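This is what each chain is made of:
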Amino acid sequence: MEGTDGAGDSVDRINEWLGAWQLNQSYAQDRDRGEARRIWARVAFAALDGAEQAGYPTKNADAGRFHLRALLIVDLTPDDDPLWSPDQLASDVLEALPLGLEQARAWVTDWRMRPRHEIAALRTCKNLLGPMEPIADRLAAGPVRAQINRWLDLRAHLP
C-alpha cells in the first residue's frame, strides 16, 4: 500500500491469522472429530502465535488458548501431553495473570474508582481465570490448586 505507514498491513495480517485461528478452533471444538481435536487445537494455537507476532495482544491470545485447552481437558480423556494437563493449565494461567492475588484483592474493593489501566488489569485476570472454573476440581491437591481456588473465590468480584 503506497503512502501508508504499514499499520493497515499489520491489521490485515492479524485478521488473517485470527481467521485461521477461528476456523481451526471450530474444528477443535467439534465433538464429532474425537482425538483429532487435539491436532486441530495445535494448528489453532499456531495461528494465534502468528497473530501475536503480527501485533495481536498476548492477553487475548492467552485467553483463547486457555479456554480451548480447558474445553479439551473436559471433553477428552487425559493423555501424557502437558498441554492437556489441568495442573499445567492452572500453572500457565497463574503465570499469565498481570496481578498478584493480594494486589487484586486490594484493588477490587473499590475497582470503580480505579484508573482505567487498573480496571483493565482486573478484567484481564477475570478473563484468564474463566477456563479454570470447569476444571478446578480436576487439579491435584497442592499449592497450585489452593492458589487457583483463592483466585476463583475472588473472580466473582472482579469487574
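Residues numbered from 1 in each chain as written. Predicted model: local features only at pLDDT ≥ 70, side-chain atom pairs only at ≥ 80, totals over all residues. Heavy atoms only, no water.

### Observations concerning the pattern of salt bridges
Okay, so step 1: Enumeration over the complete set of coordinates arrives at 14 salt bridges.
Okay, so step 2: Notably, a salt bridge pairs Asp 81 with Arg 42, separated by 2.0 Å at the nearest N-O pair. You can see Asp 81 sitting in the loop between helix 3 (58-75) and helix 4 (86-96) and its partner Arg 42 sitting in helix 2 (residues 36-53), a full 39 residues away along the chain.
Okay, so step 3: The class of Asp 81 is partly exposed, set by a relative accessible area of 22%.
Okay, so step 4: Arg 69 serves as the salt-bridge partner of Asp 92, at 2.8 Å between the closest nitrogen and oxygen. Of the two residues, Asp 92 sits in helix 4 while Arg 69 sits in helix 3, which places them 23 residues apart along the sequence.
Okay, so step 5: By relative accessible area, which is 5% here, Arg 69 ends up buried.
Okay, so step 6: Each of Asp 49, Glu 52, Asp 62 and Arg 65 takes part in one network of salt bridges that share partners. (Salt bridge = Lys/Arg side-chain N within 4 Å of Asp/Glu carboxyl O. Helix = DSSP H or I, 4+ residues; strand = E, 2+ residues; numbered from the N terminus. Buried < 20%, exposed > 50% of the residue type's maximum accessible area, 1.4 Å probe, protein only.)

### Digging into the side chain of Asp 62
Okay, so step 1: Relative to the elements of secondary structure, Asp 62 occurs in helix 3.
Okay, so step 2: Judged by its relative accessible area of 16%, Asp 62 is buried.
Okay, so step 3: Beyond its immediate sequence surroundings of up to four residues, Asp 62 is in contact with Ala 96 and Leu 128. (Contact = heavy atoms within 4.5 Å.)

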